Amino acid sequence: MSILIDKQTRAIVQGFTGKEGSFHAQSCLEYGTQIVGGVTPFKGGSTHLGLPVFDTVAEAVEKTGANTSLIFVPSAFAKDAIIEAADSGIKLAVVITEHIAVLDILAAKAYAIKKGMKIIGPNCPGIISSDLCKLGIMPSSVFKRSDINIGIISKSGTLTYEGANEIIRAGYGISTAIGIGGDAVIGMDYEELLPLFEKDDDTKAILLIGEIGGDLEIRACKMIEEKISKPIVAFIAGNSAPKGRKMGHAGAIINGIEGSAEYKMKALSRAGVHVVDSPSKIGEKFKEVMKF
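This is a predicted model, so every value here is computed, not measured.

Thresholds, definitions, all that
Residues numbered from 1 in each chain as written. Predicted model: local features only at pLDDT ≥ 70, side-chain atom pairs only at ≥ 80, totals over all residues. Heavy atoms only, no water. Pairing = 2+ DSSP bridges. Helix = DSSP H or I, 4+ residues; strand = E, 2+ residues; numbered from the N terminus. Contact = heavy atoms within 4.5 Å. Axes fitted to C-alpha atoms, helices over the stretch in contact; angles between N-to-C directions. Core = buried A, V, L, I, M, F, W, Y, C linked by side-chain atoms within 4.5 Å. Buried < 20%, exposed > 50% of the residue type's maximum accessible area, 1.4 Å probe, protein only. Salt bridge = Lys/Arg side-chain N within 4 Å of Asp/Glu carboxyl O. Polar contact = N/O pair within 3.5 Å; in protein donor to acceptor, adjacent residues only side chain to side chain.

### Examining the sheet that holds strand β7 (residues 118-120)
Ordered by their spatial adjacency, 7 strands build an open sheet running β3-β4-β2-β1-β5-β6-β7, and the pairing between neighbours is mixed. What marks the edges here is a single partner per strand, and that holds for β3 (47-48) and β7. When strand β1 (residues 10-14) meets strand β2 (residues 34-39), the two strands line up parallel, connected through 5 bridges. The residue of β2 that forms the bridge with R10 is Q34. Along the sheet, helix α1 (residues 19-31) makes contact with β1, β2, β3, β4 (51-54) and β5 (68-71), crossing β2 at roughly 160°. Sheet strands in contact with helix α2 (residues 57-64) are β1, β2 and β4, and its direction is about 155° off that of β1.

### Description of the nonpolar core
L135, L194 and I224 are the most contacted members of the largest nonpolar core, which totals 49 residues. Sorting elements by how many residues they give to this core places helix α7 (residues 216-227) first, with 5 residues. Contacts of L194, omitting those with residues within four sequence positions, involve I153, I206, A220, M223, I224, I228 and I232.

### A look at the pattern of salt bridges
Scanning the model with the defined rule gives 13 salt bridges in all. Across the pair E166 and R169 runs a salt bridge, and its minimum N-O distance is 3.4 Å. A residue pair is termed a helical-turn pair when its members lie 3 or 4 positions apart in one helix, as E166 and R169 do in helix α5 (residues 157-169) at 3 residues. Ionic contacts of the salt-bridge type, sharing partners, join the residues D189, E191, D215 and R219 into one network.

### Some details on the side chain of D189
Mapped onto the elements of the fold, D189 is located in the loop between β11 (173-179) and α6 (190-199). Given the relative accessible area of 9%, D189 is considered buried. Of note is the side chain of D189, whose polar atom sits 3.1 Å from the backbone nitrogen of E191. Other than its neighbours up to four places away in sequence, D189 contacts I180, L216 and R219.

And the structure:
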């Protein structure tokens, strides 16, 4: 099993014929994902990668039955692309685009919520359910399934891959891995995703990768204490970052003690999470806490 995407997911790519959209759509197709077409305005009626290209998302949905969109459009057009997807009946938008203006993503997210569309990202590596479906830019070879599978929720793309690799090296597999992005405003967060993993029979434990800045990890603690029974291992990046300095992601800036790695690590530990101080210890910690 998996969460959010599976073999039945029918996806389109917005920004299909661009350099990034083309390259990563091809990789998703090779992984076995059902990419059923793409959208590039003024190129409707043509084909690309052997698939139909449409001028609008509405036409793509009507002709292909797509329910998911992978978005690679330039940042200036991302708000409109997300709103168009929501307006056209898309249920999940995976937004890879980075450098989207805060007001743009706020408006797009509010509209998506009104229309019942979930968003992953922006500025993220996407989502992958091992051996079933990939909608993103992550290296496919890192993600494998086994008899005992672990779900991943991560703010960092690179650490998503490193965490997955440590899990595989420890002898476990990956059910679904989701890069939620590290911007100040994002779509689905820990509080929304943790219950989905809790309900997923194929996910036996969860890896949570956070970073300095914001309060998403702190907000997740109450839910973890009250509603999550599966073992959680966590790593918080940025422990050595100077206070007040932005490190990498737009959301990774410490504003007060609650945004620091130390504060988040202590809060998660109090909530029953098994916190490690290095990504290299992730696999070892799962071996300690898994009762399988």
